[in-house]
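Examining the three-dimensional arrangement
Each chain is listed here by its residues.
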Amino acid sequence: MKKKLGTALTVATIVGSLSFGIAATSAHAVTYTTGSNLPTLTKGILTIGTDDPAYTPWFDNNNPADGKGFESAVAYAVAKQLGYPAAKVKWVKASFNTVIQPGKKSFDFDINEVSITPERAKAVDFSTGYYDVAQALITTSKSKIAKAKSIADLANAKLGASVGSTSYATITGVIKPKAKPAVFDTNDIATQALINGQIDGLVLDLPTAFYVAAASLKNGLIVGQFAPKAGSDQFGLVLTKGSTLTKSISAAVDALRANGTLKALAAKWLSNTAGAPVLK
Amino acid sequence: MTYQPSPLRLQREASRRRVSRQSTLVALLSTVIIASVLVIVVTGAPGFKLVRQSFFSWHYALSAFPHVLSGLWLNLRVMIIAEIFVLILGLLIALARTSHSPILYPIRLMATIYTDIFRGLPLLLVLFLVGLGVPGLQISWITNSAVVLGTTSLVLTYSAYVAEVIRAGIEAVNPAQRMAGRALGLTQSQTQRYVILPQALRKVAPPLLNDLVSLQKDSGLISVLGAIDAIRSAGIETAQSFNFTPYVVAGALFVALTIPLTRFTDWLTRKQDRARVQQGQW
């Protein structure tokens, strides 16, 4: 399977470079809006980065190239909008630290649940947001916060989040429990700590919270979500600071939002998140 | 009559001064040249401005400092507690491994297996097994605190190293010392306590302190269990700003923490060397 994919990519590269050669001779003034003549890393190919493992429900089976899962679907939709069919999309692995490192990146854009903040925007470029995210608290039915109804009920809870997430900021900025939060490298380790009872609850983005509560925990439940102001926490595609692609890619995301594609993909791949009560 | 140095001696001293001046000059020159080349290569690199911004930004250093410092307080507590337990446990294992009595064979065997396993296991795996596996057993009287379990993992791993260092020290003491101790009427354990161990520990003090310095740095690894130490605090700050300066701040604090211990090791080694030269052991 992998070999086939490799062959497909090679063919795509050759086809891509050929078509670029033709395009270059015919059009001198290049407009960077659509079509595979964007100044990407490899001409004719759109290179997209994401972390390994890529988590459900954002991806499926840790395979970003299958078009399944919300972010994989969004990535292919953006590619199509830019004029790159699925065969001309190449995926590369990019851990969080390589995404935020200074200098040139190994991808044209990265899609990996990265929240847009003004401070981060000083170091990297973001596309416009492709998903409005809310944070949610999950726990197990045995936990002392299983029946919490408000933020005040969480005052004595030991809560966890994974590093690099805005979930941590939700604990320190919104919930403000007395105990110091625990911070983990990945959601997997954090989930294990929750199963062990080493933390009382785990803060995750809402779609991940639904997935973890249902699939990774035996008796998991969602305590509630924390309502952000509309549009205050959005996931964006990450690009090299000052990338010449940012405008085109933002335009593609805007177009997908305007024609309802983003909403439809969210409805298809992410759980109906309206069911979680809002904690105040 | 006052002492008059001979002309030959004066000539020799003048020549020595000249050579020493020359070597100082050469050392200075080569340092300046190498330093300038380094500075030119690094600052002239196309990405230098970007790297300086993302690794050496005053703004982020100042804003991260209090968080990193409060994380370092955890490192300090963990390393001190761990060092105490590592030295005790390491000594006990070393004594077990160097024992000779046939009755103690099972203990000797256990000590050997212990050092074999824990020197070979990556610390990260020990941390996961102890820090996430043990609480998973849901035994009510065992704590599930990340800090306590993390420190336990450090003690388990580092005791194996330290035990081997101490064992090397014990075996480096001449066997005649033990016989001499016994001949003086000391019991087996008195000989161990007053004759063998003082000499053994003195011999291995530098490598022992080396292991402790290494332990200081590895104390940060307990953050994989959720505890927020200096490195994890830096990671949290970095994730918010996408700027790596907080890590550099944490690094500088770690260096500041280990330098006193390394200088102490150097000082101890020099002192021992001098003592040995005076005793005519060399």
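Residues numbered from 1 in each chain as written. Chains lettered and ligands numbered in written order. Predicted model: local features only at pLDDT ≥ 70, side-chain atom pairs only at ≥ 80, totals over all residues.

1. So, the overall build of chain A
Let me state the cut-off plainly: Labels follow the DSSP assignment, with helices taken as runs of H or I lasting at least four residues and strands as runs of E lasting at least two, numbered in each case from the N terminus. Exposure classification rests on a simple neighbour count of other C-beta atoms within 10 Å of a residue's own: a residue reaching 20 or more is buried, one at 12 or fewer is exposed, and one in between is partly exposed. C-beta atoms are placed from the backbone. Two residues qualify as being in contact provided that their C-beta atoms, derived from the backbone, are within 7 Å of each other.
When you go through chain A residue by residue, the secondary structure sums to eight helices and ten strands. By the burial criterion, 48% of the 280 residues in chain A qualify as buried. Long-range contacts, defined as pairs at least 24 residues apart, comprise 71% of the intrachain contacts of chain A with a sequence gap of at least 6.

2. A word on the interface of chain B and chain A
Note: interface size is frequently given as the accessible area lost on complex formation between the parts. Put simply, the rule reads: Three residue categories are used. Nonpolar comprises Ala, Val, Leu, Ile, Met, Phe, Trp, Tyr, Cys and Pro, charged comprises Asp, Glu, Lys and Arg, and polar comprises the others, including Gly.
Facing 21 residues of chain B, the contacting portion of chain A comprises 23 residues. Mapped onto the side of chain B that touches chain A, the elements with two or more residues apiece are α2 (48–55), α5 (123–136) and α9 (230–241) of chain B. Ranked by the residues each element gives to the side of chain B that touches chain A, the list is headed by α9 of chain B, at six residues. Looking at side-chain class alone, the side of chain B that touches chain A contains ten nonpolar, ten polar and one charged residues.

3. Here's the deal with the sheet that holds strand β7 (residues 182–184) of chain A
Residues and elements named next belong to chain A. Stated formally: For two strands to be treated as a pair, DSSP must find at least two bridges joining them. Only the stretch in contact is used when a helix axis is fitted, and all axes are lines through C-alpha atoms; the angle between N-to-C directions ranges over 0 to 180 degrees.
Strand order in the open sheet made by the five strands is β7-β6-β8-β5-β9, with mixed pairing throughout. Edge positions in the sheet fall to β7 and β9 (220–226), since each of these pairs with one other strand and no more. Along the sheet, successive strands turn relative to each other by an average axial angle of 30 degrees, direction set aside. Pairing geometry for strand β6 (residues 159–162) and β7, over three bridges, is parallel. Across the sheet, residue G160 finds its bridge partner in β7, namely A182.

4. Considerations on α9 of chain B
Rule in force here: Expected helix span is taken as 1.5 Å per residue step, with the number of steps being one fewer than the number of residues.
For α9 of chain B, spanning twelve residues, the distance from its first C-alpha to its last is 17 Å, which sits close to the expected 16 Å at 1.5 Å a residue. Immediately downstream of α9 of chain B, the backbone of F242 of chain B shows phi near 60 degrees, a positive value.

5. Quick look at helix α7 (residues 246–258) of chain A
Turn by turn, an α-helix covers 3.6 residues, leaving residues three or four places apart pointing in a common direction. Residues and elements named next belong to chain A. Taking 1.5 Å per residue, 13 residues should reach 18 Å; α7 reaches 18 Å between its end C-alpha atoms and fits that length. Three or more residues of α7 are buried, namely S248, I249, S250, A252, V253 and L256. On the buried face of α7, the contacting elements are α2 (70–82), β3 (109–110), β4 (125–132), β10 (234–239) and α8 (261–269). Downstream of α7 by one or two residues, G260 has phi in the positive range, about 85 degrees.

6. Some points on the packing of helix α6 (residues 146–172) of chain B against helix α8 (residues 188–218) of chain B
All names here are of chain B. Short version of the rule: Should an angle lie under 35 degrees it is considered roughly parallel, over 145 roughly antiparallel, and from 65 to 115 roughly perpendicular; all remaining angles are considered oblique. Crossings are assigned a handedness: left-handed for a near helix turned anticlockwise from the far helix by less than a right angle, right-handed for a clockwise turn.
Closest axis-to-axis distance for the α6/α8 pair is 8 Å, and the angle between their directions is 155 degrees. Comparing their axes, α8 and α6 come out roughly antiparallel. Where α6 crosses over α8, the two elements pack in a sense that is right-handed. On α8, the residues touching L154, Y158, Y161, V162, V165, I166, A168, G169, I170 and A172 of α6 are I196, A200, L201, K203, V204, P207, L208, D211, L215 and D218. Of the residues assigned to the contact of α6 with α8, the class counts are 16 nonpolar, one polar and three charged.

7. A word on the nonpolar core
Condition: Think of a nonpolar core as buried Ala, Val, Leu, Ile, Met, Phe, Trp, Tyr and Cys residues chained together by C-beta atoms that fall within 7 Å. Domain start and stop points were drawn from an automatic or database domain assignment.
One finds V74, V78, F109, I138, A209 and L237 of chain A to be the most contacted residues of the largest nonpolar core, which totals 122 residues. Per element, the largest residue contribution to this core is 13 residues, and it comes from α6 of chain B. Built from parts of two domains, this core gets at least three residues from each of domain 1 (2–132 + 234–270) and domain 2 (135–226) of chain A. Not counting residues within four places of it along the chain, the set of residues in contact with V78 of chain A comprises I249, A252, V253 and L256 of chain A. The next biggest cluster of nonpolar side chains, apart from the first, holds nine residues, and it includes Y60, V68, A230 and A250 of chain B.

8. Section: the pairing of β6 of chain A
Residues and elements named next belong to chain A. Here is the rule we go by: Clockwise travel from the first strand over the helix to the second, with the strands pointing away from the viewer, marks a crossover as right-handed.
Taking every second residue as pointing to the same face, both faces of β6 are buried, with L159 and A161 on one and G160 and S162 on the other. Sheet topology places β6 next to strand β8 (residues 201–205); two bridges connect them, and they run parallel. From the neighbouring strand, L159 faces β8, where its bridge partner is G201. Handedness of the crossover is the feature at issue here: the chain leaves β6, passes through helix α4 (residues 166–175), returns alongside β7, and the resulting connection is right-handed.

9. Description of the domain arrangement of chain A
All names here are of chain A. According to the domain assignment, chain A contains domain 1 (2–132 + 234–270) and domain 2 (135–226). If you look at the interface, domain 1 gives seven residues, while domain 2 gives seven residues. Tallied by class, the residues present in the side of domain 1 that touches domain 2 amount to four nonpolar, two polar and one charged.

10. Regarding the pairing of β8 of chain A
On any regular strand, side chains alternate: one points to one face of the sheet, the next to the other face. Residue and element names in this part refer to chain A. Taken across its five residues, β8 has five buried, putting it largely inside the fold. With four bridges connecting them, strand β5 (residues 135–140) and β8 associate as antiparallel partners. What sits directly across from A136, in β8, is L204.

11. With respect to the environment of A161 of chain A
Residues and elements named next belong to chain A. Structurally, A161 is set in strand β6. We classify A161 as buried; it has 28 C-beta atoms within 10 Å. Residues A161 and L204 lie 43 residues apart in sequence; the distance between their C-alpha atoms is 6.8 Å. When near neighbours in sequence (up to four residues on either side) are disregarded, A161 contacts S167, Y168, I171, P181, V183 and V203.

12. Quick look at unusual backbone geometry
Between D52 of chain A and P53 of chain A the backbone carries a cis peptide bond, its omega angle lying at 5 degrees. A cis geometry characterises the amide bond from T56 of chain A onward to P57 of chain A, with omega recorded as 5 degrees. Positive phi, normally seen in glycine, also occurs at N61 of chain A, with a value near 60 degrees. Mapped onto the fold, N61 of chain A is located in the loop between β1 (46–50) and α2. Assessed through the 11 C-beta atoms surrounding it within 10 Å, N61 of chain A is described here as exposed. Notably, Q138 of chain B is not glycine yet its phi reads approximately 60 degrees, a positive angle. Counting through the fold element by element, Q138 of chain B comes out in the loop between α5 and α6.

13. Quick word on the packing of helix α3 (residues 58–98) of chain B against α8 of chain B
Residues and elements named next belong to chain B. Packing of α3 against α8 brings their axes to within 10 Å, and their N-to-C directions diverge by 140 degrees. With respect to each other, α3 and α8 are oriented oblique. Viewed along their axes, α3 and α8 form a crossing whose handedness is right-handed. Contacts between α3 and α8 involve M79, A82, E83 and V86 from the former and L212, L215 and Q216 from the latter. Residues belonging to the contact of α3 with α8 are distributed by class as follows: five nonpolar, one polar and one charged.

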